[in-house]
Amino acid sequence: MKKKLLMMFLAMITLMIYPVSAFAAEGPAAPDLQIGLDTAFTFLAFILVFFMQSGFALLEAGSVRMKNAGHVAGKTVLTLAIASLCFWAFGFGLGFGNGNSFFGTTGFFYGGDTKAALFDNALGFSDVTMNVKFLFQMAFAAVSLAIVSGGMAERAKLSVYIIFGILFSVVIYPVVAHWVWGGGWLAELSMQDYAGSTVVHLTGATAAVVATILLKPRLGKFNKEGKPVIIPGHNQVFTVLGVIILWFGWFGFNPGSALSPMGGFFGHVALTTNIAAAAGGLAALVASWLYFGKSDIPAMLNGVLAALVAITGACAFVEPWAAIIIGLVAGAFTFMTSQWLERAGLDDPIYAFSVHGIAGIWGALSTGLFAAPDLIEQGGLVGKAGLFYGGGLHQLGVQALGVVGTFVFVAAMSFIILYVMKMVIGIRVTEEEELMGLDISEHGTYGYPEQMKLITDSESKPLN
């Protein structure tokens with residue numbers, strides 16, 4: 001019954017987005033029908049990935065203080081707009097255009113389905129229309145940029161989001177995407193990254209940690225002895241809802257990367273995605289309970305996200321039992337590394353590097369351990385079996401090389417761009433602006449005007 005409903009839903013979307021002229025009066029030919037269904041399926045996946053931006057907005061806004069909530073939520077729309085236009089102009093061509101082993105050289109200022117031949121080397125394997133392929137890949141680029149901006153929260157100038165967002169969307173993310181998915185040098189080595197543990201998450205997290213280091217900690221984050229001080233977010237309900245939305249959207253991220261409902265392989269991807277996320281949330285909750293003596297809800301939420309990040313690259317390559325192990329390790333290890341990094345002096349308000357970087361590294365390496373040969377064959381996937389399936393160290397070595405190459409490139413490019421910006425225009429707001437909140441200093445109004453008015457009035461009242 002559920003399968004019939006899904007097929008009916010896909011058929012309805014097909015009629016809306018696929019050219020009616022493709023269907024003859026006597027009915028559609030089988031190839032045309034498959035193209036329509038594949039295109040509808042991918043378009044639905046795009047909608048889910050696009051909707052993940054609302055999850056990021058709620059998660060990040062809820063994780064910061066009330067005086068910065070409007071700014072943090074609003075910059076999600078800003079970075080989404082930047083990613084959309086920059087990816088259309090340059091990113092899609094550099095990432096997926098026909099070119100060399102390092103970047104694409106065709107398809108700039110994307111011109112629609114009629115220019116599909118410019119992307120044949122990377123995207124010609126699928127019969128999905130090129131316009132929908134573009135939208136799907138653009139949504140991935142926007143997610144990576146959202147990860148970057150989360151690490152800058154509560155002290156970066158708005159201009160940093162704009163300038164760095166443009167350059168990240170043009171010269172950083174597309175290059176890594178080309179290396180792995182666009183026929184670049186890592187694709188030639190058959191690196192396994194089904195939906196972006198490395199391309200999307202490690203790339204975004206690496207840029208975020210560089211920005212976090214250059215921005216330096218928020219005021220009051222560390223005491224005189226250098227020990228971290230907890231700065232709680234203003235709305236834990238928002239963060240919970242944000243994570244649920246992201247978990248929901250991940251079913252577009254991972255299963256949607258099949259680009260087709262035919263054969264049902266996307267169902268295996270959905271299964272591994274879901275159980276890994278569940279395992280990660282529970283593992284992080286237990287880890288926080290053992291560490292704090294109390295179960296920490298934000299830790300559990302980050303555990304879910306970390307597991308989703310880790311399984312993103314491995315979801316098509318691993319069996320369900322391996323997906324649970326990947327999720328458990330991601331959830332527990334992300335909690336531990338977030339505590340270690342904070343004690344080392346890193347002020348990462350949403351733990352972007354632990355959740356998306358550390359977990360992204362683990363997810364990339366996990367296929368070198370758990371990739372099953374029958375799944376590689378069934379899904380028409382790249383690479384060889386993992387170490388635990390008798391594949392030796394070859395695939396693990398390729399995965400490690402991809403992780404190191406991506407981290408070094410993104411860290412170097414991000415540091416150069418942000419350091420130049422820091423020297424020329426500055427990247428951090430003044431102490432006064434940070435104390436009053438970025439809502440008022442950057443936008444002239446608070447996200448919670450009534451509540452903030454009560455707070456400011458109370459603070460200005462003289463003591464008797």
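Everything numeric here is computed off the predicted structure, so don't read it as measured data. (Residues numbered from 1 in each chain as written. Predicted model: local features only at pLDDT ≥ 70, side-chain atom pairs only at ≥ 80, totals over all residues. Heavy atoms only, no water.)

A. Main features of the packing of aromatic side chains. Applying the stated criterion across every chain yields a total of 29 aromatic pairs. Taken together, a centroid distance of 5.9 Å and an interplanar angle of 65° make the contact between Y110 and F119 edge-to-face. Classification of Y110 as buried rests on a relative accessible area of 8%. Within the aromatic cluster, the residues linked to one another by ring pairs are F87, F92, F96, Y110, F119 and F134. (Phe/Tyr/Trp six-rings, centres within 6.5 Å; stacked < 30°, edge-to-face > 60°. Buried < 20%, exposed > 50% of the residue type's maximum accessible area, 1.4 Å probe, protein only.)

B. The pattern of salt bridges, seen in detail. Within the structure shown, the criterion is met by 6 salt bridges. For the salt bridge of E60 with K75, the shortest nitrogen-to-oxygen distance reads 2.3 Å. Here E60, found in helix α2 (residues 30-63), pairs with K75, found in helix α3 (residues 69-96); they are 15 residues apart in sequence, far enough to count as distant. Given a relative accessible area of 2%, E60 falls into the buried group. The partner of E434 in a salt bridge is R428, with the nearest N and O atoms 2.8 Å apart. Linked by salt bridges that have partners in common, R65, E154, R218 and D347 make up one network. (Salt bridge = Lys/Arg side-chain N within 4 Å of Asp/Glu carboxyl O. Helix = DSSP H or I, 4+ residues; strand = E, 2+ residues; numbered from the N terminus.)

C. A look at unusual backbone geometry. Unusually for a residue other than glycine, E154 sits at a positive phi of about 80°. Structurally, the position occupied by E154 is in the loop between α5 (130-150) and α6 (158-181). Residue classification places E154 among the buried positions, given a relative accessible area of 1%. If you check the backbone angles, Y351 has positive phi at about 55° while not being a glycine. Within the secondary structure, Y351 is located in the loop between α12 (320-343) and α13 (352-370). A residue is classified by how much of its surface remains accessible, and Y351, at 22% relative accessible area, is partly exposed.

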